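Overview (structure and organization)
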Amino acid sequence: MKITLKVFRFNPETDMEPHYDIFNVEANLNDRVLDCLNKIRWEQDSSLAYRMSCAHGICGSDAVSINGIPALACQKLIKDYDYTQELLIEPLKFFTIINDLIVDMEPFFKTIKSIHPNHPMQTQDKPPEKERHQSIEERGKINDAIKCILCGCCVAACPVILEQEQRFIGPAAILRSQKYIFDSRSTDVIERMKIMEKPYGIWGCKSYYMCTIVCPKKIKVTEQILKTKKKIIQELHPKSE
Amino acid sequence: MIHEYDVVVVGGGIAGLYTALTAAEHCRVAVVSKVHVTRSHSVAAQGGIAACLGNEEEDHWEWHMYDTIKGSDYLADQDAVEILAKEAPQAIIALENMGVPFTRNMQGKIEQRRFGGHTRNYGEAPVKRACYVSDRTGRAIMDTLYDRCQTIGVDFFNEVFILKLLFSGEHCCGVAGYDIASCKPEVFHAKAVVLATGGSGKIFKTTSNGFASTADGFAIAMDSLIPIEDMEFIQFHPTGIYGLGILISEAARAEGGVLRNGSGERFMERYAPTLKDLAPRDIISRAILNEIKEGRGVESKDFVHLDLTQIGKERLMEKLPEISSFVETYLGIDPSEKLIPVAPTCHYMMGGIPTDHKGRVLSGKTETAVPGLFAVGECACVSVHGANRLGCNSLIDLVVFGSRTGISVVKHAEEKELLSLPPHAENIVINKVNSLLSSNGNERSPVLRAAMQCVMTEKCSVFRNGDELEQTLDQICQLEKRMRNIGLENKGKVFNYELQEALELENMLKTARAIVFSALQRKESRGSHYRNDFPERNDQEEPRHSLVNLTPKALKVTYKPVFITRFTPEKRRY
């Protein structure tokens, strides 16, 4: 079966403006969108640029926009779309485009780094002797957050990123922080919650639920952000309740 | 650009990050990775990490040691395995203390489950030894290590592809590569270099490995005339999703899943009466292919079924959520209701760059260390996995030997001066990159790569024989020749993946040649290496490791004895 992909193109070395190229590829219903991109690069146009690594939705490399919705190219199959129509493949929104489908992920990874308190370098003189205990219930509180693969889909779908001119920390970084704030073993919860309250931090979230809708790992991102907000209110601002 | 560090680690998977973290407490460390480090293939590790914590039932490091050695078909070095088994519990505690969110049991301790080849009391029955984070153990460990690196200050150089080790005389003093985003050369000048580049599954057509697993570390070591060890031993995981090769963890069978042939029979009972579906991977992969060969594949085709229907939907969601979703996404199957088509998939390299227990790279038969050069993880060969690795032993290898390598690079960096780089270190890379960018031959790497994957899969995977290996060696050499006539259509310098894939293919072809050559020379069947023309293990002679050398003219194999301490080779029955 032939399917048609309309792919966003921008070569920073030669192009002033981006454009779209049309590619026809032979595909099966169960092929991944990534398989189609590979067919283009390996058989038709070797200059097509996109990232990939694990090809089964666990490394988070190949997030792109498919028909306007952020998704992992390796997790979406041709049959998931109306393949009688052109499939529109574009880079993730709100990220700076470098080449074709490749965007600059560094600002995104900076937000992930920014959620951590600055710990002084700790030299462990004596290695720890035993594991810390944690009940199944306590551990369950971070079940959702540990599914995150840092693909960036949630950020590319978040209306607040646009509203706050890309200064909002974004759903992925808040979720990463949630993992530590709700881990019963954490010793720096207060510091972490204070970081969340910085300008363009957690309070920017207006619960549009777009992150939850697009998350390739089906994480209830908005719900986790709301839980984090509630904990911050209860523990940092008890009087305001 | 030239960057100066005490230690440079090439590769940002669990082995690389653990080494970096350990070293960064005392010196300046850079991690250089051709993918963003959080995309490294360690994230795909699913089922667990082995250690005799004894949280569920009685367990001892001696049992773990015995299982690992028996699993290795008596090719692992027993002093190294003793270290692995003894230090494993402490390594798990260290991970837990760093924040790895292990799955817990009713007592609040780290929960443990069964895994292939791990037994109680020297082979009596399966034992619960695998610690885990549902079926995303690798991802959870990586995320914890990555965050930890951020807070203690490891410098990351993402999307930089390393092409060459740099030497000052005999001493390794850095690495050279290029920035994938710009093609600009990047030289890392350091007192110690650690190779943590992972495996090479992409040499084969069907693999559980990601696109980045392209044998880079093996190739750059061979380029510097470092021999690589036991390359003929390649693990084919029994349960890859049919056609795609995506891994369905052994944890699926640990939780109660069974393999069934075309007539619905639980055939592993015939091959391994005691451990059945939890026998080691080499044995199960051969059993599956044997069923297929004898016409008992499903619908007489080349796959069998993995039956998880007895586990129940709720438990699948709790214990195996990732693989349940893979099966649903890629096959449209609900694993609680339907059987999963599976077949062996290339999974892991037991062999690699020879090291001692401190991660120091050894330069061959004399066993002398190459000063300044270290290797750890899948690209290294300590050897704890011998001829066949047990499930869950790779993650623990990364942490135990990552920690040891970290300690030894610190010691090295404290004792040694920074040696001068060879002149024009950047030019080595510029010349290499430019010659490919200006190449105009009529060969294309996707075509050559597919040819390599095809011949390696057909002739050099689970079953091998001398004649076919001879032919394969010939064909790989032909492909290497054709590689010299390559032409790149994309002359761009920004994320030019045609360029990167050509360089990766060179690495894979070189490594494939070493694999086939070692396989041809080993005239016995042991662990994952099965020769139809030599179907028995050679017990007339002492077991020995192969070391393959890339001399300027050809390949050469030498041997060194296996280090045996406690367990003398016996027949391997499960």
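Per chain, residue numbering runs from 1 following the sequence as it is written. A letter from A marks each chain and a number from 1 marks each ligand, given out in the order of writing. Thresholds applied to this predicted model are a pLDDT of at least 70 for local features of residues and 80 or more for the giving and counting of side-chain atom pairs; totals over whole chains, interfaces and linings are not thresholded and use all residues.

Assigned secondary structure in chain A consists of 9 helices and 7 strands. Overall, the C-alpha framework of chain A stretches about 60 × 40 × 35 Å when taken along its three principal axes. A burial count over chain A gives 48% of its 241 residues as buried. Excluding contacts between residues fewer than 6 apart, the proportion of contacts in chain A whose partners are at least 24 apart in sequence is 64%. To qualify as a helix, a DSSP run of H or I must reach at least 4 residues; to qualify as a strand, a run of E must reach at least 2; elements of each kind are numbered from the N terminus. In this scheme the burial state of a residue depends on its C-beta neighbours within 10 Å: 20 or more other such atoms mean buried, 12 or fewer mean exposed, and anything in between means partly exposed; the C-beta positions come from the backbone. We call two residues in contact when the distance between their C-beta atoms, placed using the backbone, is within 7 Å.

This part is about the overall build of chain B. Within chain B one finds 15 helices and 24 strands. The globule rule is 2.2 Å times the number of residues to the power 0.38, and the radius of gyration it is compared with is taken over C-alpha atoms. Over its C-alpha atoms chain B spans a radius of gyration of 22 Å, differing by no more than 12% from the 25 Å that the globule rule assigns to 574 residues. Along the longest, intermediate and shortest principal axes, the C-alpha atoms of chain B span 65 × 50 × 50 Å. Of the contacts formed within chain B by residues at least 6 apart in sequence, a portion of 76% connects residues at least 24 apart.

Attention shifts here to the interface of chain B and chain A. Opposite the 43 residues of chain B that make contact, chain A presents 43 residues. Lys, Arg, Asp and Glu make up the charged group, whereas Ala, Val, Leu, Ile, Met, Phe, Trp, Tyr, Cys and Pro make up the nonpolar group; the residues left over, Gly among them, are polar. Each residue belonging to the side of chain B that touches chain A can be placed in one class, and the counts come to 20 nonpolar, 13 polar and 10 charged.

A separate point is the sheet that holds strand β4 (residues 112-113) of chain B. All names here are of chain B. Here the rule is simple: two strands pair whenever DSSP picks up at least two bridges between them. Within the open sheet, the 3 strands sit side by side as β3-β7-β4. Their pairing is antiparallel. The sheet is open, and its two borders are formed by β3 (49-50) and β4, each paired with just one other strand. In the sheet, β4 pairs with strand β7 (residues 130-131) via 2 bridges, with the strands oriented antiparallel. The residue bridging Arg 113 from the neighbouring strand is Ala 130, located in β7.

This brings us to the confidence of the model for chain B. Known as pLDDT, the predictor's per-residue confidence is scaled from 0 to 100. This prediction gives chain B a mean pLDDT of 96; 99% of its residues lie at or above 70. In the predicted assembly, ipTM is 0.96 and pTM is 0.97.

Before going further, it helps to spend a moment on the nonpolar core. Residues and elements named next belong to chain B. Counting 275 residues, the largest nonpolar core has Val 7, Val 8, Val 193, Val 194, Ile 353 and Ile 396 as the members making the most contacts within it. Among the elements that take part in this core, helix α15 (residues 497-521) stands out by supplying 14 residues, more than any other. With near-sequence residues (within four places) excluded, Val 7 lies in contact with Ala 23, Cys 27, Val 29, Ala 190, Lys 191, Ala 192, Val 194, Val 409 and Ala 413. By definition, a nonpolar core groups buried Ala, Val, Leu, Ile, Met, Phe, Trp, Tyr and Cys residues that are joined through C-beta atoms within 7 Å.

As a further point, take the domain arrangement of chain A. Residue and element names in this part refer to chain A. Along its sequence, chain A is carved into domain 1 (2-103) and domain 2 (106-118 + 134-240). In this document the domain limits rely on a domain assignment from an automatic tool or a database. Computed over C-alpha atoms, the centres of domain 1 and domain 2 are 29 Å apart. Tallying the contact residues gives 15 residues for domain 1 and 13 residues for domain 2. Considering every element that reaches the side of domain 1 that touches domain 2, the biggest residue donor is strand β4 (residues 69-72), with 4 residues. Along the lines of polarity and charge, the residues of the side of domain 1 that touches domain 2 split into 10 nonpolar, 4 polar and 1 charged.

What follows concerns the domain arrangement of chain B. Residues and elements named next belong to chain B. Here chain B is partitioned into domain 1 (2-46 + 82-102 + 136-234 + 348-415), domain 2 (248-344) and domain 3 (426-535). Placing a centre on the C-alpha atoms of domain 1 and another on those of domain 3 gives a separation of 23 Å. Counting residues per element, the side of domain 1 that touches domain 3 draws most heavily on helix α5 (residues 216-223), at 4 residues. For the side of domain 1 that touches domain 3, the per-class residue count stands at 21 nonpolar, 7 polar and 5 charged.

Residue and element names in this part refer to chain A. Within the open sheet, the 5 strands sit side by side as β2-β1-β5-β3-β4. Their pairing is mixed. Looking at the sheet topology across the chains shown, the edges are occupied by β2 (19-26) and β4. Neighbour-to-neighbour, the strand axes of the sheet open up by a mean angle of 35°, direction not taken into account. Alignment of strand β3 (residues 63-66) against strand β5 (residues 87-90), held across 2 bridges, turns out to be antiparallel. By the bridge assignment for β5, Ser 65 is matched with Glu 90. Structural elements are reduced to axes, namely lines fitted to C-alpha atoms, with helices fitted over the stretch in contact, and the angle between N-to-C directions of any two is expressed from 0 to 180 degrees. Here helix α1 (residues 33-44) sits on the sheet in contact with β1 (2-9), β2 and β3, set at roughly 100° to β2.

This part covers helix α2 (residues 106-114) of chain A. Residue and element names in this part refer to chain A. Those residues of α2 that fall on the buried side of the exposure criterion are Phe 108, Phe 109 and Ile 112. Projection of α2 onto a plane perpendicular to its axis shows the buried side chains occupying an angular sector of 95°, all on one side. Every exposed residue of α2 that faces more than 90 degrees away from the buried side is listed here: Glu 106 and Lys 110. Where α2 is buried, its residues touch α4 (153-157) and α6 (171-181). Along the arc lie the directions from the helix axis toward the C-beta atoms.

Residues and elements named next belong to chain B. Contact geometry for helix α13 (residues 445-459) and helix α14 (residues 466-483): axes closest at 10 Å, N-to-C directions at 170°. When the axis of α13 is compared with that of α14, the two are roughly antiparallel. Facing Leu 448, Ala 451, Met 452, Val 455 and Lys 459 of α13, the residues of α14 in contact are Glu 468, Leu 469, Gln 471, Thr 472, Gln 475, Ile 476, Leu 479, Arg 482 and Met 483. Across the contact of α13 with α14, the residue classes tally to 8 nonpolar, 3 polar and 3 charged. Throughout this description, any angle smaller than 35 degrees is read as roughly parallel, any larger than 145 degrees as roughly antiparallel, any in the 65 to 115 degree range as roughly perpendicular, and the remainder as oblique.

Looking now at the pairing of strand β24 (residues 555-561) of chain B. Residue and element names in this part refer to chain B. Bridge analysis of strand β23 (residues 544-550) against β24 gives 7 bridges, and the strand direction is antiparallel. Paired with Asn 549 across the two strands is Lys 556, which belongs to β24. What sits between β23 and β24 in their antiparallel hairpin is a turn of 4 residues.

Below, the discussion takes up α15(B). Any helix carries an expected span of 1.5 Å times its number of residues minus one. End to end, α15(B) covers 36 Å across 25 residues, agreeing with the expected 36 Å (1.5 Å per residue, within 8%). α15(B) sits mainly inside the fold: 24 of its 25 residues count as buried.

With that out of the way, let us pick up unusual backbone geometry. With an omega dihedral of 5°, the bond running from Val382(B) to Ser383(B) counts as a cis peptide bond. Within the fold, Ser383(B) resides in the loop between β20 (380-381) and α11 (393-415). Within the chain, Gln166(A) stands out as a residue other than glycine whose phi angle is a positive 65°. With respect to the element layout, Gln166(A) can be found in the loop between α5 (159-163) and α6. Positive phi is not limited to glycine here, since Tyr74(B) has a value of about 60°. The topology assignment puts Tyr74(B) in the loop between α2 (61-71) and α3 (78-98). Given 23 C-beta atoms within 10 Å, Tyr74(B) falls into the buried group.

We now examine the packing of helix α1 (residues 14-24) of chain B against helix α4 (residues 137-152) of chain B. Residue and element names in this part refer to chain B. Two numbers describe how α1 lies on α4: the axes approach to 10 Å, and their chain directions differ by 30°. With respect to their mutual orientation, α1 and α4 come out roughly parallel. Crossing handedness for the pair α1 and α4: left-handed. For the pair α1 and α4, the contacting residues are Ile 14, Leu 17, Tyr 18, Ala 20, Leu 21 and Ala 24 in the first and Gly 138, Ile 141, Met 142, Leu 145, Tyr 146, Arg 148, Cys 149 and Ile 152 in the second. Rotating anticlockwise by less than a right angle from the far helix to the near helix defines a left-handed crossing, while the corresponding clockwise rotation defines a right-handed one.

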